[in-house]
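Below, each chain spelled out in residue letters.
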Amino acid sequence: MAERELVIPGDMLGEGISGSGTYMENGKIFASVLGLAERRDKLIFVIPLNGIYSPKTGDGVIGKIEDIAFSHWIVNINAPYSGVLPLNEAVTDFVDLTKTDLTKYFNYDDIIFVKISNVTKTKSIQLTMKDRKCRKLYGGRLIKITPAKVPRIIGKGGSMVELIKNHTGCQIVVGQNGIVWIKGEKEDLAIEAIQYIEEKSHITGLTDKIKEMLEKKTGKGDENGTKINS
Amino acid sequence: MEQKLIVDGKRIDGRTFDQLRPMEARAGILKNADGSGYFRLGRTIAIAGIFGPRQVHPRHMEEAEAAILKCRYNMASFSTTERNRPGPSRRSKEISKVIREALMPVLFLEEFPKSAIDLHVEILQADASTRCAGINAASIALADAGIPMRDLIASCSVGVVEGQIMLDIAGKEDTEGDVDLPIAYYPKRDLITLLQMDGMVTREQLKQLLELAKKGAMQVYEAQRQALRSKYLEE
Amino acid sequence: MISIDPEVIKELTTKGIRVDHRAFDEYRKIKIETGIIEKAEGSARVEIGGTKVIAGVKMEIGEPFADRPDDGVLITNAEFLALAYHEFEEGPPRENSIELARVVDRGIRESKAIDLKKLCIENGKKVWMVFVDIDILDHDGNLIDAAALAAIAALLNTKFPKLDIIEEDGEKRYVIDYEQKTDPLPVTQKPIGVTAAKISGKILFDPNIAEESAVEGKISMGITDNMIASIQKSEPGGFSIEEIDHIAEIAMKKASEIRAMLG
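Think of each chain on its own: its residues are numbered from 1, step by step along the sequence as written. The order in which chains are written sets their letters, starting at A; the order in which ligands are written sets their numbers, starting at 1. Local features in this predicted model are restricted to residues of pLDDT 70 or higher, and side-chain atom pairs are both shown and tallied only at a pLDDT of 80 or more, whereas totals for entire chains, interfaces and linings draw on every residue. For the side-chain quantities, the full set of heavy atoms in the structure was used; hydrogens and water were omitted.

Draft legend 1. Region of interest: the overall build of chain C. Along the backbone of chain C there are five helices and 12 strands. For a compact globule the rule gives 2.2 Å times the number of residues to the power 0.38, and the radius of gyration it is set against comes from C-alpha atoms. Since a compact globule built from 263 residues should have a radius of gyration of about 18 Å, the 20 Å found for chain C is in line with a globular shape. Judged by the C-alpha coordinates and their principal axes, chain C covers about 75 × 40 × 30 Å. Split into buried and exposed, the 263 residues of chain C put 50% on the buried side. A fraction of 68% describes how many contacts in chain C between residues 6 or more apart in sequence connect residues 24 or more apart. Every accessible area reported is derived by Shrake-Rupley at a probe size of 1.4 Å, with residue values counting cover from the shown protein chains alone. Of the roughly 11,800 Å² that chain C leaves accessible, carbon and sulfur atoms contribute 49%. Only four residue types enter the charge count, namely Lys and Arg as positive and Asp and Glu as negative; His and the chain termini do not. Charged groups are reduced to one reference atom each: NZ for lysine, CZ for arginine, CG for aspartic acid, CD for glutamic acid. One finds the centroid of the 34 positive side-chain charges in chain C at a distance of 3 Å from the centroid of its 49 negative side-chain charges. Here a strand is any run of E in DSSP of at least two residues, a helix any run of H or I of at least four, and the numbering for each starts at the N terminus. Categorising residues by exposure relies on relative accessible area from a 1.4 Å probe, with only protein chains included: less than 20% of the type maximum marks a residue as buried, more than 50% marks it as exposed, and the intermediate range marks it as partly exposed. Contacts are residue-level and defined by heavy atoms, with any inter-residue pair within 4.5 Å sufficient.

In structure tokens, the structure reads:
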């Protein structure tokens, strides 16, 4: 198997340990999704080129408040299942539920960056705001990308998203669920770059291409000093 | 028997008995659907679109341990010589069911409990084997949507016309033939996942028909795989 | 309602045992009664084990299809009555009842069991329409075979009602007297439905309802003399060509046995 070879469901990938995007039958490993096959030592896995978001514990996602119940919020996390954010996972101070309206904290259609604290076998999704990065996102724009391509948008050690931030001066938050929040003067350029990455995620030398594109459009290199932590 | 549909050992459209009509397969032809596919077999044209896995509506249909596959096969009203009345018919409901059942064996539905995968198959032009073209487009669409699956399902039909067994009957062969037998084939496990037949055959003929159909399905399978590959390899 | 766990059925099947201790190719007890509905032109009640169905045939005069001007019209319909099973509901026909009716219909049609030409009254204008309606009364598995058997038994039991054609002022009037039955319907073949199920990789015939909950797939064949006239695979799951051939072989034998019961 060649490095990062395009594979189709049912393609035989050899022998070893069956990783994500693969399945084992009669001791052989086969691709279960359309994507790029990779081998790391004995582990064989396929990075999908498309697919919906499947929630995993520990993922940071961008969600929208869909419903408000007595003591929790229901959050749309761009997955087949909604997430549940209990009051005590969202607010640290004591809340008297008989007197407080939960919309005071999060209202319908509010956008939040939230962590998945637990996914049960039957796909109940528990959410928490108890993480440094979790917060409500005000303003800005949201775009949807293929969740499988999130690692390409982020890049190695966050290098790709840093590159875009530095060239556009935008705040960018990338949810593992394929929702990206962008806020800043050059939102359009940031979106263009992200969409380009999504479209060409399977080609090599992508970072250089993006850098070239951003430099051409902004007419300069990094905007020093505009680094903003996501 | 007077032979009208076979002339000098060839079929009315010039094909040999074991030849499929020209095929055209494409992946990712629609923007909004999560996955899509196109499959043309001669004049029969099918497109398929996938949404999901997503939340199940109505909720009582959801299953605790696996995704459900919902399938809607529909023939466009302009797809036939005489206008086809729009909306579901008894025929289209039955075909929706057998298409769903033909595809389910390859899907890892257990990876998405309590969710639904919606498959829409639209026949844009009908000249026999519409369910086969629909399945072929659907398989491409499912793979294009990134839905985990063990293999692609490939489908074609065989028939008996003027006493002769032949692959992929079409046109007059369809309306005047004696037997029509569509199959769907799961190559990795050598299994037939859709099987229907109208007509009269002996046990021996049935076996021959199935062997021929399997050969046809393998050609379809190659075309499907090529379609998925070329979506990403063109540049 | 609590029923036998499909996993238990699968395990038993692996060991070569059926839940009701039948051989893999053995049918449950079949009962056929005909002429049970006086108001119908033909009728039959069929039991296969605990499965009970009734088929009634009604005839009317109607117009032929444009592309078959001298053929009578055969219409088959099936109703899954809500009293037959806790999962059946009232309302428009669902996928399963539609499939059942269409499979039974194809069995009759493809075997050319009825000589439709003999149902022509006036070419291109008036033909007999034969309605075969099947009511599922009790669902204990293998509805297709029971429905197909009830349909052919009812058709064999069918007699034309008396028809008078009266000409008045150059116009024809067709008057049917349903109280008077005349000639039998021209039924020339006796197609029999035989259904096999695959469970734990094994092929068995006439699945009961507990077995149906564990099937990977089913294949129903409509058999006439020594020919296969129709096939329908249902449920997810696949079959090899060898398995299909095995089913065809047994289906031929079973069909002759069942056909003999029609008299």
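Still to come is the rest of the account.
Draft legend 2. Representation of the pattern of salt bridges. Within this document, salt bridges are pairs made up of a side-chain nitrogen of Lys or Arg and a carboxyl oxygen of Asp or Glu, the two lying within 4 Å of each other. Counted by the stated rule, this structure contains 59 salt bridges over all chains. The partner of D110 of chain A in a salt bridge is K136 of chain A, and the shortest N-O contact between them spans 3.0 Å. Of this pair, D110 of chain A sits in the loop between α1 (87–90) and β11 (111–119) while K136 of chain A sits in strand β13 (residues 135–137), and the two are 26 residues apart along the sequence. For the residue pair D110 of chain A and K136 of chain A, the accessibility class agrees, reading buried in each case. The partner of E173 of chain B in a salt bridge is R15 of chain B, with the nearest N and O atoms 3.7 Å apart. With a gap of 158 residues between them, E173 of chain B in helix α3 (residues 172–176) and R15 of chain B in the loop between β2 (10–11) and β3 (23–27) connect regions that are remote in the sequence. Beyond isolated ion pairs, a larger network of salt bridges with shared partners links R11, D13, R15, R21, R43, D127, D168 and E173 of chain B.

Draft legend 3. Examining helix α2 (residues 130–144) of chain B more closely. Residues and elements named next belong to chain B. Taking 1.5 Å of rise per residue, 15 residues should cover 21 Å, and α2 covers 21 Å from first to last C-alpha, within 8% of that figure. Burial of α2 is extensive: 15 of the 15 residues sit out of reach of the surface. Backbone geometry just downstream of α2 places G146 in the positive-phi region, at approximately 75 degrees. By this rule, a helix spans an expected 1.5 Å times one less than how many residues it contains.

Draft legend 4. Quick look at unusual backbone geometry. All names here are of chain B. That bond from G52 to P53 is cis: its omega, 5 degrees, falls within 30 degrees of zero. Relative to the assigned elements, P53 resides in strand β5 (residues 44–55). A positive phi angle, near 55 degrees, is found at D168, a position not held by glycine. Note that D168 resides in the loop between β9 (164–167) and α3. Taking the relative accessible area as the measure of exposure, D168 reaches 0% and is therefore buried. Positioned with a positive phi, D190 is a non-glycine residue whose angle comes to about 55 degrees. Secondary-structure assignment places D190 in the loop between β10 (179–186) and β11 (191–201).

Draft legend 5. Just the interface of chain B and chain C, in detail. On the side of chain C, 37 residues touch chain B, which itself brings 29 residues to the contact. A quick way to say it: buried area is the sum, across both parts, of accessible area lost when two parts are put together, with a 1.4 Å probe. When chain B packs against chain C, close to 3,100 Å² is buried across both sides, 57% of that on carbon and sulfur atoms. In terms of surface lost to chain C, no three residues of chain B exceed R90, M200 and R203 of chain B, which account for 24% of the buried area on that side. Taken together, the links from chain B to chain C amount to seven salt bridges. Side-chain atoms alone can form a polar contact between residues adjacent in sequence; in general such a contact is a pair of N or O atoms within 3.5 Å, and within protein one must be able to donate a hydrogen while the other accepts it. The interface formed by chain B and chain C includes 17 residue pairs in polar contact (both at pLDDT 80 or more). Taken together, the elements giving at least two residues each to the side of chain B that touches chain C come down to α1 (90–103), β11 and α4 (203–233) of chain B. The biggest single contributor to the side of chain B that touches chain C is β11 of chain B, with 11 residues. Split by residue class, the side of chain B that touches chain C holds 12 nonpolar, four polar and 13 charged. One requirement defines pairing of two strands: DSSP has to find at least two bridges between them. Direction of pairing for β11 of chain B relative to strand β12 (residues 227–234) of chain C: antiparallel, over a ladder of four bridges. The partner of D198 of chain B across the bridge, within β12 of chain C, is S230 of chain C. Put simply, Ala, Val, Leu, Ile, Met, Phe, Trp, Tyr, Cys and Pro go in the nonpolar bin, Asp, Glu, Lys and Arg in the charged bin, and everything else, Gly too, in the polar bin.

Draft legend 6. Quick peek at the nonpolar core. Think of a nonpolar core as a cluster: buried Ala, Val, Leu, Ile, Met, Phe, Trp, Tyr and Cys residues, connected wherever their side-chain atoms sit within 4.5 Å. Of all hydrophobic cores here, the largest spans 170 residues; its most connected members are W73 of chain A, L119 and L206 of chain B together with I134, L155, M221 and I228 of chain C. Residues I143, I153, L163 and C170 of chain A belong to the second largest nonpolar core, which totals 24 residues.

Draft legend 7. Spotlight on the interface of chain A and chain B. If you look at the interface, chain A gives 27 residues, while chain B gives 29 residues. Across the chain A to chain B interface the summed buried area is about 2,400 Å²; carbon plus sulfur atoms make up 57%. It is L6, I8 and L34 of chain A that lose the most area in chain A upon contact with chain B, and together they represent 21% of the buried surface on that side. Seen at the junction of chain A and chain B, the total is two salt bridges. The tally of links from chain A across to chain B stands at 12 residue pairs in polar contact (both at pLDDT 80 or more). When contributions to the side of chain A that touches chain B are tallied by element, the ones reaching two or more residues are β4 (22–25) and β5 (28–31) of chain A.

Draft legend 8. Region of interest: the packing of helix α4 (residues 187–199) of chain A against helix α5 (residues 206–218) of chain A. Residues and elements named next belong to chain A. Where α4 meets α5, the axes come as close as 11 Å, and the angle between the chain directions of the two elements is 155 degrees. Relative to α5, the element α4 lies roughly antiparallel. Every pair of crossing elements has a handedness; the one defined by α4 and α5 is right-handed. Counted together, L189, E192, A193, Y196 and I197 of α4 and L206, K209, I210, M213, L214, K217 and T218 of α5 form the full contact between these two elements. For the contact of α4 with α5, a count of residues per class yields eight nonpolar, one polar and three charged. Between N-to-C directions, angles cover 0 to 180 degrees, with each direction set by a line fitted to C-alpha atoms, over the stretch in contact for helices. Any angle that falls under 35 degrees is termed roughly parallel, while one over 145 is termed roughly antiparallel, one within 65 to 115 roughly perpendicular, and all others oblique. What makes a crossing left-handed is the near helix being turned counterclockwise from the far one by less than a right angle; a clockwise turn instead makes it right-handed.

Draft legend 9. Main features of the environment of E243 of chain C. Here E243 of chain C shows up in helix α5 (residues 241–261). E243 of chain C sits 40 residues away from I203 of chain C along the chain, and the two C-alpha atoms are 7.6 Å apart. Those residues in contact with E243 of chain C, other than ones at most four positions away along the chain, are L191 of chain B together with K198, G201, I203 and G238 of chain C.

Draft legend 10. Spatial organisation of the pairing of strand β9 (residues 72–76) of chain A. Residue and element names in this part refer to chain A. Side-chain alternation along β9 places W73 and V75 on a buried face and H72, I74 and N76 on a face that remains uncovered. Turn length for the strand β8 (residues 60–68)-β9 hairpin, with the two strands adjacent in sequence and antiparallel, is three residues. Connecting β9 to the next strand, strand β10 (residues 83–86), in antiparallel fashion are six residues, including N78 with a positive phi near 60 degrees.

Draft legend 11. Region of the structure containing the sheet that holds strand β7 (residues 115–125) of chain B. All names here are of chain B. Spatial ordering of the open sheet is given by β3-β4-β5-β7-β6, a layout of five strands whose pairing is mixed. Among the strands making up the open sheet, the edge pair consists of β3 and β6 (68–75). Direction aside, neighbouring strands of the sheet carry axes that sit 15 degrees apart on average. Inspection of the sheet shows β6 paired to β7 by eight bridges, in the parallel sense. Residue I68 lies in a different strand from β7, and its bridge partner there is A116. Sitting on the sheet, α2 touches β3, β4 (35–41), β5, β6 and β7, and the angle it makes with β4 is about 150 degrees. Contacts from α4 reach β3 and β4, with the element oriented near 40 degrees to β3.

Read these as spatial facts, not as claims about activity.
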